[in-house]
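Overview (structure and organization)
Each chain is listed here by its residues.
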Amino acid sequence: MNSVDALVDAFGRIQETVHGAVDGLSAEQLNARIDQDANSIAWLVWHLTRVQDDHVADAADLEQVWHTGWADRFELPFGPGATGYGHSSKQVAAVRVDSPDLLLGYHDAVVEQTLAYVKGLDDEAFDRVVDEAWNPPVTLGVRLVSVIADDLQHAGQAAFVRGVVRRR
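Let me sum up the structure you'll find in this document. (Residues numbered from 1 in each chain as written. Predicted model: local features only at pLDDT ≥ 70, side-chain atom pairs only at ≥ 80, totals over all residues. Heavy atoms only, no water.)

Here's the deal with the overall build of the protein chain
The helix and strand tally for the protein chain stands at 7 helices and 2 strands. Taken from N to C terminus, the helices and strands of the protein chain fall in the order α-α-α-α-α-α-β-β-α. Over its C-alpha atoms the protein chain spans a radius of gyration of 16 Å, differing by no more than 12% from the 15 Å that the globule rule assigns to 168 residues. The dimensions of the protein chain, computed from C-alpha atoms along their principal axes, are 50 × 35 × 30 Å. By residue count, 47% of the 168 residues in the protein chain fall in the buried class. Restricting to contacts in the protein chain with at least 6 residues of sequence separation, those with at least 24 account for 73%. Taken as a whole, the protein chain presents about 8,600 Å² of accessible surface, with 49% of it coming from carbon and sulfur. Side chains of the protein chain carry 13 positive and 26 negative charges; the gap between the two charge centres is 10 Å. (Helix = DSSP H or I, 4+ residues; strand = E, 2+ residues; numbered from the N terminus. Rg over C-alpha atoms; globule rule 2.2 N^0.38 Å. Buried < 20%, exposed > 50% of the residue type's maximum accessible area, 1.4 Å probe, protein only. Contact = heavy atoms within 4.5 Å. Areas by Shrake-Rupley, 256 points an atom, 1.4 Å probe, with all protein chains shown as cover. Lys, Arg positive; Asp, Glu negative; His and termini not counted. Charge placed at Lys NZ, Arg CZ, Asp CG, Glu CD.)

Structure (structure tokens):
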């Protein structure tokens, strides 16, 4: 296994976890919040997908999948660059979906773009600096691992919320 294979595997595991958390749920279950300030499955999956889309597209110099019609489909009351970072409870509540299809369609489209990009990389590419706003500057390798870590945390949270919601 090489670096690309490991990253492809990791992004695939995120996708599997997302599907496991979302598949077969009703709109009510996807939008449910454990308490008034908790994140819903809809928000968690939208957010983790937006972060992956934003960060990978930026590093790859690609258009975000979000801007290819998905923003219009979600009809959210946020600006086009919103990823959910720093969202208030009221903003979390605004992320609502009617079915799993919207969340999974967007997520799968982002994974497809991510994997197409990652599969074209060689080991030298991972040392390229993609963000100079940090000290030390962030390399492509660090950025991709950061996205994976963040996505896995949120996908696990969505799976947890699924368990709670289904037991209600």
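Let us keep going from here.
A word on the packing of aromatic side chains
If you walk through the whole model with that rule in mind, you get 6 aromatic pairs. A ring pair is formed by Trp46 and Trp66, whose centres lie 6.1 Å apart and whose planes are at 65°; its orientation type is edge-to-face. Residue Trp46 is found in helix H3 (residues 41-60), and its partner Trp66 is found in the loop between H3 and helix H4 (70-74); the two are separated by 20 residues along the sequence. By relative accessible area, Trp46 is classed as buried at 0%. Exposure remark for Trp66: the relative accessible area of 4% places this residue in the buried category. (Phe/Tyr/Trp six-rings, centres within 6.5 Å; stacked < 30°, edge-to-face > 60°.)

Thoughts on H3
Helix length check: H3 (20 residues) gives 28 Å between terminal C-alpha atoms against 28 Å at 1.5 Å per residue, within 8%. Most of H3 is tucked away: 17 of the 20 residues are buried. A positive backbone phi angle near 60° is found at Asp61, which sits one or two residues after H3. (Expected span 1.5 Å × (residues − 1).)

A few points about the nonpolar core
Judged by nonpolar contacts, the single largest core of 53 residues is most densely connected at Val22, Trp46, Phe74, Leu103, Leu140 and Leu144. Every element with two or more residues in this core is listed here: helix H1 (3-22), H3, H4, helix H6 (100-118) and helix H7 (140-167). (Core = buried A, V, L, I, M, F, W, Y, C linked by side-chain atoms within 4.5 Å.)

Quick word on unusual backbone geometry
Note the cis peptide between Asn135 and Pro136, where omega equals 5°. Its place among the elements puts Pro136 in the loop between strand S1 (129-131) and strand S2 (138-139). One non-glycine residue with positive phi stands out, namely Asp61, at about 60°. Within the secondary structure, Asp61 sits in the loop between H3 and H4. For Asp61, a relative accessible area of 71% corresponds to the exposed category. Located in the positive-phi region is Glu75, a residue other than glycine, with phi close to 55°. The topology assignment puts Glu75 in the loop between H4 and helix H5 (89-94). The class of Glu75 is exposed, set by a relative accessible area of 67%.

Quick look at the packing of H3 against H6
As a packed pair, H3 and H6 sit with axes 10 Å apart at the nearest point and diverge in direction by 25°. The orientation of H3 relative to H6 falls into the category roughly parallel. Judged by the twist between their axes, the crossing of H3 over H6 is left-handed. In this structure, H3 contributes Ala42, Val45, Trp46, Leu48, Thr49, Arg50, Gln52, Asp53, Val56, Ala57, Ala59 and Ala60 to the contact, and H6 contributes Leu103, Tyr106, His107, Val110, Val111, Gln113, Thr114 and Tyr117. Of the residues contributing to the contact of H3 with H6, the split by class is 13 nonpolar, 5 polar and 2 charged. (Axes fitted to C-alpha atoms, helices over the stretch in contact; angles between N-to-C directions. Parallel < 35°, antiparallel > 145°, perpendicular 65-115°, else oblique. Left-handed = near helix turned anticlockwise from the far one by under 90°. Nonpolar A, V, L, I, M, F, W, Y, C, P; charged D, E, K, R; others polar.)

Details of the environment of Val118
Among the structural elements, Val118 can be located in helix H6. Note on Val118: relative accessible area 0%, which makes it buried. Linking Val118 and Asp5, residues 113 residues apart in sequence, is a C-alpha distance of 9.0 Å. In contact with Val118, other than residues within four places in its own chain, are Val4, Leu7, Val8, Phe11 and Leu144.

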